[in-house]
Amino acid sequence: MTSSAVSIPMPTVPRRRRTPDEVLAAAPVAGPKRVLLAAPRGYCAGVDRAVIAVEKALEHYGPPVYVRKQIVHNVHVVTSLEDKGAIFVDETDEVPEGALVIFSAHGVSPAVVQSAEDRGLRTIDATCPLVTKVHREAVRFAKEDYDILLIGHDGHEEVEGTAGEAPDHIQIINGPHEVDKVTVRNPAKTIWLSQTTLSVDETMETVRMLKERFPTLQDPPSDDICYATTNRQVAIKKIAPQADLVIVVGSANSSNSVRLVEVALEYGAKASYRVDFANEVDERWFEGVATIGLTSGASVPEVLVQDVLRLLADYGYGAVEEVVTAEEDLLFSLPKELRATLKEAGDVTRALGGRGNRPTS
């Protein structure tokens, strides 16, 4: 069977940029130019783990290695892995029987796992452990016959995977605007869970409104929104009130990257834009701008942020102040299926995934 790879758009050729002098002539800047660089930013432990899993699989099994969906939601990461021999597919039925397939960091439903087994596929599960935690919560509360209100974006891969764990018990709520439509069997036996990459503020507003309707609604045993999503939003909340412009590096299908743009605007940034690459930054955004905030989503390698910093320096924004709101040192073991192979091969070069361990180029 011929597999059909997921189509990944490549960056467009940039138009001729206006020079720094031309930008300054269009709108003078009041005050010194500077960049407020958010920390934490970029790769989280779950993303790092998933990317390493694909790289190690390619090293030890050789290409092609199939990956169901994008391993993480970042154009640069996906195209880089494609260049090394990874083939991204939409569903397991596109993978040749007996081949190796890796499940993405966003997780899959039991039906997808069963489909892979039925086709005799070898599998590596690169689901982020924090997503796996939500899956286990869904299974647990479904077994106890709870109604589960899953706050998340319908159609997102993570939400599809979680909902697939207990489809008869889960209702998906896309946000506060859908609270009025929710019906439950027994409010005293109802619990909410959430997608891990949501806006913290919007999620809490949805929960607040749900609890107005269902005062006995139970909270999850622990916070479902991932630490990295929360930390990146906290950092941009601190920067936004000081920023004339906030640039978020991240892909359009990256939920947490898109949320960072929204949070920046909500917390006082005069303008905010998302880009995949430095060549997508429009120098017209710099007109009249003294302070630029810069951050990146949890699936973005640092090299892309450094590219943007070099561009900003060309336009006079060479003074960079890192705004640190948290330290991240979480590490996750690689998927168990891969660890066994690495141990047998004597490969101990990268047994863990986590912040601070990835190269910047």
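Residues numbered from 1 in each chain as written. Predicted model: local features only at pLDDT ≥ 70, side-chain atom pairs only at ≥ 80, totals over all residues. Heavy atoms only, no water.

### Quick word on the overall build of the chain
Link 1 in the chain: Across its full length, the chain carries 11 helices and 14 strands.
Link 2 in the chain: Rg of the C-alpha trace for the chain: 22 Å, near the compact-globule value of 21 Å for 361 residues, within the 12% margin.
Link 3 in the chain: Principal axes of the C-alpha set define a box for the chain whose edges measure 65 × 55 × 35 Å.
Link 4 in the chain: Evaluated residue by residue, the chain yields a buried proportion of 55% over its 361 residues.
Link 5 in the chain: Contacts in the chain between residues at least 24 apart in sequence constitute 77% of all its contacts with a sequence separation of at least 6. (Helix = DSSP H or I, 4+ residues; strand = E, 2+ residues; numbered from the N terminus. Rg over C-alpha atoms; globule rule 2.2 N^0.38 Å. Buried < 20%, exposed > 50% of the residue type's maximum accessible area, 1.4 Å probe, protein only. Contact = heavy atoms within 4.5 Å.)

### Side note on the sheet that holds strand β6 (residues 147-151)
Backbone hydrogen bonds hold the strands of a sheet together, and the pairing may be parallel or antiparallel.
Link 1 in the chain: Pairing in this open sheet of three strands is parallel, and the strands run β7-β6-β8 from one edge to the other. Both edges of this open sheet fall to β7 (170-173) and β8 (190-194), since each of them pairs with a single strand only. Across this sheet, the average inter-strand angle for adjacent strands is 25°, counted without regard to direction.
Link 2 in the chain: Where β6 meets β7, four bridges bridge the pair, whose relative direction is parallel. In the strand pairing of β7, Leu 149 is matched with Gln 171. (Pairing = 2+ DSSP bridges. Axes fitted to C-alpha atoms, helices over the stretch in contact; angles between N-to-C directions.)

### Digging into helix α11 (residues 336-345)
Link 1 in the chain: Within the span of α11, buried status applies to Leu 338, Thr 341 and Leu 342. Seen end-on, α11 carries its buried residues on one side only, within an arc spanning 95°. Residues of α11 that are exposed and angled more than 90 degrees away from the buried face: Lys 336, Lys 343 and Glu 344.
Link 2 in the chain: Looking at the buried side of α11, the elements it contacts are α2 (45-61) and β5 (122-125).
Link 3 in the chain: Remark: Gly 346 follows α11 within two positions and exhibits a positive phi of approximately 75°. (Arc of directions from axis to C-beta.)

### Notes on the state of the cysteines
Link 1 in the chain: In this structure the tally under the stated criterion is zero disulfides.
Link 2 in the chain: Free cysteine: Cys 44, not disulfide-bonded; nearest cysteine sulfur from Cys 226 at 5.4 Å.
Link 3 in the chain: When its relative accessible area of 7% is taken as the criterion, Cys 44 is described as buried.
Link 4 in the chain: A disulfide-free cysteine, Cys 128 has its sulfur positioned 6.0 Å from the sulfur of Cys 44, the nearest such atom. (Disulfide = S-S within 2.5 Å.)

### Brief notes about the confidence of the model for the chain
Link 1 in the chain: Taken residue by residue, the chain gives an average pLDDT of 92. The fraction at 70 or more is 93%.
Link 2 in the chain: For the stretch residues 1-10, pLDDT sits under 50, and the model shows 24 contacts to residues farther than four places along the chain or on other chains. (pLDDT = per-residue confidence, 0-100.)

### Quick notes on the side chain of Asp 224
Link 1 in the chain: Along the polypeptide, Asp 224 turns up in the loop between α7 (200-213) and α8 (227-239).
Link 2 in the chain: Reaching out from Asp 224, the side chain makes a polar contact with the backbone nitrogen of Ser 194 at a distance of 3.1 Å. (Polar contact = N/O pair within 3.5 Å; in protein donor to acceptor, adjacent residues only side chain to side chain.)

### Description of the packing of α2 against helix α3 (residues 75-84)
Each pair of packed helices can be summarised by the angle the axes make with each other and by the distance between the axes.
Link 1 in the chain: Across the interface, α2 lies against α3 with an axial gap of 10 Å and an inter-helix angle of 10°. Taken together, the axes of α2 and α3 are roughly parallel relative to one another. Here Val 51, Val 54, Glu 55 and Leu 58 of α2 come into contact with α3, specifically with Val 77, Leu 81 and Lys 84.
Link 2 in the chain: Looking at the contact of α2 with α3, its residues break down into five nonpolar, no polar and two charged. (Parallel < 35°, antiparallel > 145°, perpendicular 65-115°, else oblique. Nonpolar A, V, L, I, M, F, W, Y, C, P; charged D, E, K, R; others polar.)

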